[in-house]
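If you want the building blocks of each chain, they are given just below.
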Amino acid sequence: MHNTIKPKVTLVGAGPGDPDLLTLKAVKALAEAKVVLYDALANEEILAHAPKDSIKLFVGKRKGNHSYRQDQINQLIVDNALTYGHVVRLKGGDPFIFGRGSEEIEFAESFGIETKVIPGISSVVAVPASLGISITKRSVSESFWAITGTTSDRKLSSDVALASKSSATVVILMGMHKLNEIVRLFQQENKGDLPVAIIQSGTTTEEKVGVGTVNSIEEIVKQQKLSSPAIIVLGEVVKQSHKLKGFYEEFLSKEIAR
């Protein structure tokens, strides 16, 4: 009897990088994949959850690699689903937080393909948490902003200027090459002393951290040689982290010595 192929697309969030921060639902979906299309994951161990004989295609952006345009990725998802059946589209973090996941799902659905979304643990929350930074905290921060540092037209999101006026914790993804602009916006609001943490490759074994204030963070980035991928956290909650206390005491003693 001929098995008819049942096309299906499951959009899966791979979490912030630590391969153990994958949901059980994500593991189960990967185990049933015929094809896995994956981005530049912080940890490729995650692919080990897919069957050995499944097709694994890298479609992310990496320096020196041919990178696919979004419309090409959309087409690859559909073509593979129609040809092989179950496609797992694997994205870092959560696919609906700055991941363009909704565009991929809408495209697949326009072909009548069954789709499903499995949320991932977003680095917006997980990376600060892994360093003891609670992005909301009673009587310190009532809310948080999660902002992309680079909009589709390559500019800094105008929401950063609005966020700098609020008392909320501000978490900026993909913002390292816009750090000087971010710093100026907070300085304009007289927030030069606001605590800042920059966490590179958070939750992975390559993690690097720099801690300071709005006024000093650019210098600290230079000293610690911090670069992308990194998350920028601005807010009083940074100072409240039990894990970063040592960093802060050392930083403040240097400031006083000046």
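Here the structure is a predicted model, which means the values were calculated and not measured.

On to the overall build of the chain, then. Regarding its fold elements, the chain presents nine helices and ten strands. Seen through its C-alpha atoms, the chain measures out along the principal axes to roughly 80 × 40 × 35 Å. Within the chain, the fraction of its 258 residues that count as buried is 47%. Taking as baseline every contact in the chain between residues at least 6 positions apart, the subset at least 24 positions apart corresponds to 66%. Summed over its atoms, the accessible surface of the chain is roughly 13600 Å², and 52% of this surface lies on carbon and sulfur atoms. Taking the average place of the 31 positive charges on the side chains of the chain and the average place of its 29 negative ones, the gap between the two points comes to 1 Å.

We now examine helix 1 (residues 24–31). Buried residues of helix 1: A26, A29 and L30, and no others. Buried residues along helix 1 cover an arc of 100° about the axis, so they all sit on one side. Turned more than 90 degrees off the buried face of helix 1, the exposed positions are L24 and K28.

A separate point is helix 2 (residues 70–84). The end-to-end C-alpha distance of helix 2, which contains 15 residues, comes to 21 Å, matching closely the 21 Å that a straight helix rising 1.5 Å per residue would cover. Buried within helix 2 are the following residues: Q70, I73, N74, I77, V78, N80 and A81. Looking straight down helix 2, one finds its buried side chains confined to an arc of 165°; they lie on one side. If you follow the buried residues of helix 2, they end up packed against strand 1 (8–13), strand 2 (35–38), strand 3 (55–58), strand 4 (86–91) and helix 3 (101–109). At the exit of helix 2 stands G85, carrying a positive phi of roughly 110°.

Quick look at the nonpolar core now. With 22 residues, the main nonpolar core has I172, I182, F186, I198, I217, I232 and L234 as its most contacted residues. Counting residues per element, the ones that place at least two in this core are helix 5 (159–164), strand 7 (169–173), helix 6 (179–188), strand 8 (195–200), helix 7 (217–224) and strand 10 (230–234). Looking at this core element by element, the count peaks at four residues for helix 6. Residues within four places of I172 in sequence aside, it is in contact with I147, T148, G149, V160, I182, A230, I231, I232 and L234. Judged by nonpolar contacts, the second largest core, of 17 residues, contains A29, I46, F58 and L90.

Quick look at the packing of helix 2 against helix 3 now. Running from amino to carboxyl end, helix 2 crosses helix 3 at an angle of 45°, the nearest separation of the two axes being 9 Å. Regarding the angle of helix 2 to helix 3, the classification is oblique. Two packed elements cross with a definite hand, and for helix 2 against helix 3 that hand is right-handed. Contacts between helix 2 and helix 3 involve Q70, I73, N74, Q75, I77 and V78 from the first element and E103, E104, F107 and A108 from the second. A per-class count over the contact of helix 2 with helix 3 returns five nonpolar, three polar and two charged.

In total, this model carries ten salt bridges according to the counting rule given. Put simply, E103 and R100 hold a salt bridge, and the shortest N to O gap is 3.0 Å. Among the residues examined, E103 registers a relative accessible area of 32% and is labelled partly exposed. Overall, R100 belongs to the partly exposed group, its relative accessible area being 43%. In this structure, E218 engages R184 in a salt bridge whose closest nitrogen and oxygen atoms are separated by 3.1 Å. A residue pair is termed long-range when its members are at least 10 positions apart, and E218 in helix 7 and R184 in helix 6 qualify at 34 residues. Looking at E218, the relative accessible area reads 25%, which means it is partly exposed. One network of salt bridges, with partners in common, ties together D39, R89, K91 and E104.

This part takes up the sheet that holds strand 4. The pairing of strands in a sheet comes from backbone hydrogen bonds and takes either a parallel or an antiparallel form. The strand order 3-2-4-1-5 describes an open sheet built from five strands, whose pairing is parallel. Sheet topology places strand 3 and strand 5 (114–118) at the edges, where each strand pairs with a single neighbour. Strand after strand, the sheet turns through a mean of 15° between neighbouring axes, direction not considered. Two elements, strand 1 and strand 4, share six bridges in a ladder whose sense is parallel. Residue V9 lies in a different strand from strand 4, and its bridge partner there is V87. Strands strand 1, strand 4 and strand 5 of the sheet are contacted by helix 3, whose axis makes an angle of about 160° with strand 5.

Rules behind the numbers
- Within any chain, residue numbers begin from 1 and follow the written order of that chain's sequence.
- Local features in this predicted model are restricted to residues whose pLDDT is 70 or higher, and side-chain atom pairs enter the listing and the counts only when it is 80 or higher, whereas totals over whole chains, interfaces and linings include all residues.
- Hydrogens and waters are ignored; side-chain quantities use all the structure's heavy atoms.
- Under the DSSP-based scheme used, a helix requires at least four consecutive residues in state H or I and a strand at least two consecutive residues in state E, with every element numbered from the N terminus.
- Only protein chains enter the accessibility calculation, which uses a 1.4 Å probe. A residue is then buried if its area is under 20% of the maximum for its type, exposed if over 50%, and partly exposed in between.
- Whether two residues are in contact is decided by their heavy atoms: any pair within 4.5 Å suffices.
- Note that accessible areas follow from Shrake-Rupley with a 1.4 Å probe, and for residues the cover is restricted to the protein chains shown.
- Counted as positive: Lys and Arg. Counted as negative: Asp and Glu, with His and the chain ends omitted from the count.
- All charge positions are set by atom: Lys at NZ, Arg at CZ, Asp at CG, Glu at CD.
- Here the arc refers to the set of directions running from the helix axis out to each C-beta atom.
- Every helix has an expected span of 1.5 Å times one less than the residues it contains.
- For our purposes a nonpolar core is just a set of buried Ala, Val, Leu, Ile, Met, Phe, Trp, Tyr and Cys residues, chained together by side-chain atoms within 4.5 Å.
- Each axis is a line fitted through C-alpha atoms, and for a helix only the stretch in contact is used; angles between axes span 0 to 180 degrees, taken between their N-to-C directions.
- For classification purposes, angles smaller than 35 degrees are called roughly parallel, those larger than 145 roughly antiparallel, those between 65 and 115 roughly perpendicular, and all remaining angles oblique.
- What makes a crossing left-handed is the near helix being turned counterclockwise from the far one by less than a right angle; a clockwise turn instead makes it right-handed.
- Polar here means any residue outside two lists: the nonpolar Ala, Val, Leu, Ile, Met, Phe, Trp, Tyr, Cys and Pro, and the charged Asp, Glu, Lys and Arg; Gly therefore counts as polar.
- By definition, a salt bridge exists where a carboxyl oxygen of Asp or Glu is found within 4 Å of a side-chain nitrogen of Lys or Arg.
- The rule for pairing is simple: two strands pair if DSSP sees at least two bridges between them.

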